[in-house]
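Single-letter residue listing:
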Amino acid sequence: MPVSTPAARAAAPAPSPSDTAMPQDFGALLRQDPEIGGILLAETARQSSTLQLIAAENFTSPAVLAALGSPLVNKYAEGYPGARYHGGCEQADAVERAAVRRAMSLFGAEHANVQPHSGSSAVLAAYAALLRPGDTVLAMGLPYGGHLTHGAPGNFSGRWFDFAGYGVDPDSGLIDYAQVRALARARRPKAIVCGSISYPRHPDYEQFRDIADEAGAYLIADAAHPMGLIAGGAAPSPVPYADVVCATTHKVLRGPRGGMILCGVELSERIDRAVFPFTQGGAQMHTVAAKAVAFGEASTPGYTVYAHRVVAHARVLAAALEAEGFEITTGGTDTHIVVADPAPLGVDGRAARERLMAAGMVLDTCALPYGDARGLRLGTAAVTTQGMDEDDMARIAVLFGAAVRDEGDAGLLRAEVRGLAERNPPYPG
Ligand SMILES: *Cc1c(COP(=O)(O)O)cnc(C)c1O
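Predicted, not measured: the structure shown is a model, and the values here were computed from it.

(A) Just the UniProt feature "binding site: (6S)-5,6,7,8-tetrahydrofolate" (unreviewed entry) in the protein chain, in detail. Here, the residues flagged by UniProt with the feature "binding site: (6S)-5,6,7,8-tetrahydrofolate" (unreviewed entry) are L142, G146, H147, L148 and E266. Spanning 125 residues, the named residues do not form one spatial group; their C-alpha atoms are separated by as much as 31.1 Å. Relative to the assigned elements, G146 resides in the loop between β5 (136-140) and α7 (156-160). Accessibility expressed as a C-beta count within 10 Å gives 26 for G146, which makes it buried.

Structural data, given as structure tokens:
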């Protein structure tokens, strides 16, 4: 099996289709373009020989991958079903109608827009529908777990809007609702955003609604992370409370990389126009088809079991990491996210992540509710999809502690992590 770059050859023995279970038939690609085919094969091997603990990642099903690789990728379909700027949209219309219908029924929403190219595109469209440049917006501050689209200086949101950031209580790590209310009274925002990249608990949507009503503000729920838990009934839904719900389809929800927006009928036209033509051109119809497949999967009893297992696994992992000496923000989790501070082990977040990476455990660092040090953010969506159980979570915490403390034989540690991953292949051959 040729791998054409010297760097790729040096990094790893070239995997071949026979020893890497492939979710798709890569034979033709490998013959035509060994360089790119080899890279994709190496990535498949990486995903199946290391532990994917990045909280925002998951493994899509072969059915989702099939939709993504379908000839619908060739189709231009600007506009919406029944009102396209291009001919030949019969199947594109059918697939988008199915995706919208499935999203509405899965989340109990009056309206769904499934075209946003990403979670950030969904948030951009929500702001475009509800706000004017210069408006004040209240969102979780970036140092506490706000997303780039919640007012980061380098993002459109920080450039075009006046963001005020709420925080969390430094001791409990929980959202300080009294502070949110006080800020809303003082700043009179046009919109309040709830949602985070690292908050391991459920936002109190009812409380946010009440604060928004008092301030005369729109409530935007950026549920990019928990949307899959919401689909599986393992997290409360913001749909009854928020004016607009933004989400990704690729995190716990386990669909293709992309975004979606839910809202009530009264905002539906504004949201649709904000997605197309205001912030996007042609929708990616192959992705819309894959979103429909993922919504179909997420509406099955098996997915409900999965979503609850994801949370149960995160709780086991959080408790076991605490037993290893890590400080767990908020004392645990209600979601797929665990944030662990390695400081009690005498290692900072960035060094800890490097040691974990060397042992084959892939994850991110993140801000902590207190101080400037970085914590470790991990999630259980991907390892749960590949079939790991609570005992595996407890074992991961032990391996995690050994890696961060840099104790024991590094080669043996890497081998055990590899064994755990390979016993639970994401795409069984
Ligand atoms: C992941 C995430 C996004 C953005 O998703 P992308 O698809 O990466 O643009 C937005 N908001 C929150 C809270 C997120 O966690």
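(B) Highlighting the pairing of β5. Buried residues dominate β5, accounting for four of its five residues. Taken together, the five bridges between β5 and strand β6 (residues 162-166) define a ladder with parallel strand orientation. Bridge assignment links M140 to a residue of β6, and that residue is Y166. Of the strand pairs in this sheet, β5 and strand β7 (residues 191-194) are connected by two bridges, and their pairing is parallel.

(C) Quick peek at the nonpolar core. With 130 residues, the main nonpolar core has A126, I192, V244, C246 and I261 as its most contacted residues. It is helix α13 (residues 301-323) that provides the largest number of residues to this core, a total of 11 residues.

(D) Spatial organisation of the sheet that holds β7. Strands sit in the order β4-β10-β9-β8-β7-β5-β6 across an open sheet of seven strands; the sheet is mixed. With one partner strand each, in any of the chains shown, β4 (111-113) and β6 form the two edges of the open sheet. Averaged over all neighbouring strand pairs, the angle between strand axes comes to 20°, with direction disregarded. Strand contacts of helix α11 (residues 265-279): β4, β9 (244-248) and β10 (259-263), with the helix running at about 10° to β4, the strand carrying the most contacts.

(E) Region of the structure containing the domain arrangement of the protein chain. One can read the domain layout of the protein chain as domain 1 (66-298) and domain 2 (302-429). Centre-to-centre separation of domain 1 and domain 2, based on C-alpha positions: 28 Å. Counting from both sides, the interface comprises 26 residues of domain 1 and, opposite them, 23 residues of domain 2. Contributions of two or more residues to the side of domain 1 that touches domain 2 are made by α10 (227-231) and α12 (285-298). The element that contributes the greatest number of residues to the side of domain 1 that touches domain 2 is α10, accounting for three residues. Here the side of domain 1 that touches domain 2 is composed, by residue class, of 13 nonpolar, nine polar and four charged.

(F) Representation of the packing of helix α6 (residues 119-130) against α11 within the structure. The interhelical angle for the contact between α6 and α11, taken along N-to-C directions, is 120°, at an axis separation of 8 Å. Considered as vectors, α6 and α11 are oriented oblique to each other. Between α6 and α11 the crossing geometry is right-handed. Across from S121, L124, A125, A128 and A129 in α6, the residues of α11 making contact are L267, R270, I271, A274, V275, F278 and T279. Of the residues in the contact of α6 with α11, the class split is nine nonpolar, two polar and one charged.

(G) Just the sheet that holds strand β14 (residues 364-367), in detail. Taken in spatial order, the four strands line up as β11-β12-β15-β14 in an open sheet, and their pairing is antiparallel. Where the open sheet ends on each side, the last strands, each with one partner, are β11 (327-328) and β14. Here β11 pairs with strand β12 (residues 337-341) via two bridges, running antiparallel. Looking across to β12, one finds that E327 is bridged to D341. Of the strands in this sheet, β11 and β12 are in contact with α13, which crosses β12 at around 10°. Relative to strand β15 (residues 374-379), helix α14 (residues 349-358) is tilted by about 40°, and along the sheet it contacts β14 and β15.

(H) Up close: the UniProt feature "modified residue: N6-(pyridoxal phosphate)lysine" (unreviewed entry) in the protein chain. Within the UniProt annotation, "modified residue: N6-(pyridoxal phosphate)lysine" (unreviewed entry) is assigned to K251. Note that K251 resides in the loop between β9 and β10. In this structure K251 comes out as buried when scored by C-beta crowding, with 26 C-beta atoms within 10 Å. Aside from chain neighbours lying at most four places away, what touches K251 is A56, N58, A224, H225, M227, G228 and A381.

(I) Fine view of the site of the ligand. Among the 15 residues in the neighbourhood of the ligand, the closest are listed as S118, G119, S120, H147 and A224. Of the residues forming the shell around the ligand, the biggest block, three residues, is contributed by α6. For the shell around the ligand, the class distribution of residues is four nonpolar, 10 polar and one charged.

(J) α12, seen in detail. Between its terminal C-alpha atoms α12 stretches 20 Å, which fits the 20 Å expected from 14 residues at 1.5 Å a residue. With 13 of 14 residues buried, α12 lies mostly within the body of the structure.

(K) Layout of the environment of D348. Positionally, D348 belongs in the loop between β12 and α14. A C-alpha to C-alpha distance of 9.4 Å links D348 and L376, two positions 28 residues apart in sequence. Those residues in contact with D348, other than ones at most four positions away along the chain, are A373 and R374.

About the criteria used
- Residues numbered from 1 in each chain as written.
- Predicted model: local features only at pLDDT ≥ 70, side-chain atom pairs only at ≥ 80, totals over all residues.
- UniProt positions renumbered as here; feature names shortened; annotations may be inferred.
- Helix = DSSP H or I, 4+ residues; strand = E, 2+ residues; numbered from the N terminus.
- Buried ≥ 20, exposed ≤ 12 C-beta atoms within 10 Å, placed from the backbone.
- Pairing = 2+ DSSP bridges.
- Core = buried A, V, L, I, M, F, W, Y, C linked by C-beta atoms within 7 Å.
- Axes fitted to C-alpha atoms, helices over the stretch in contact; angles between N-to-C directions.
- Contact = placed C-beta atoms within 7 Å.
- Domains from an automatic or database assignment.
- Nonpolar A, V, L, I, M, F, W, Y, C, P; charged D, E, K, R; others polar.
- Parallel < 35°, antiparallel > 145°, perpendicular 65-115°, else oblique.
- Left-handed = near helix turned anticlockwise from the far one by under 90°.
- Near = placed C-beta within 6 Å.
- Expected span 1.5 Å × (residues − 1).

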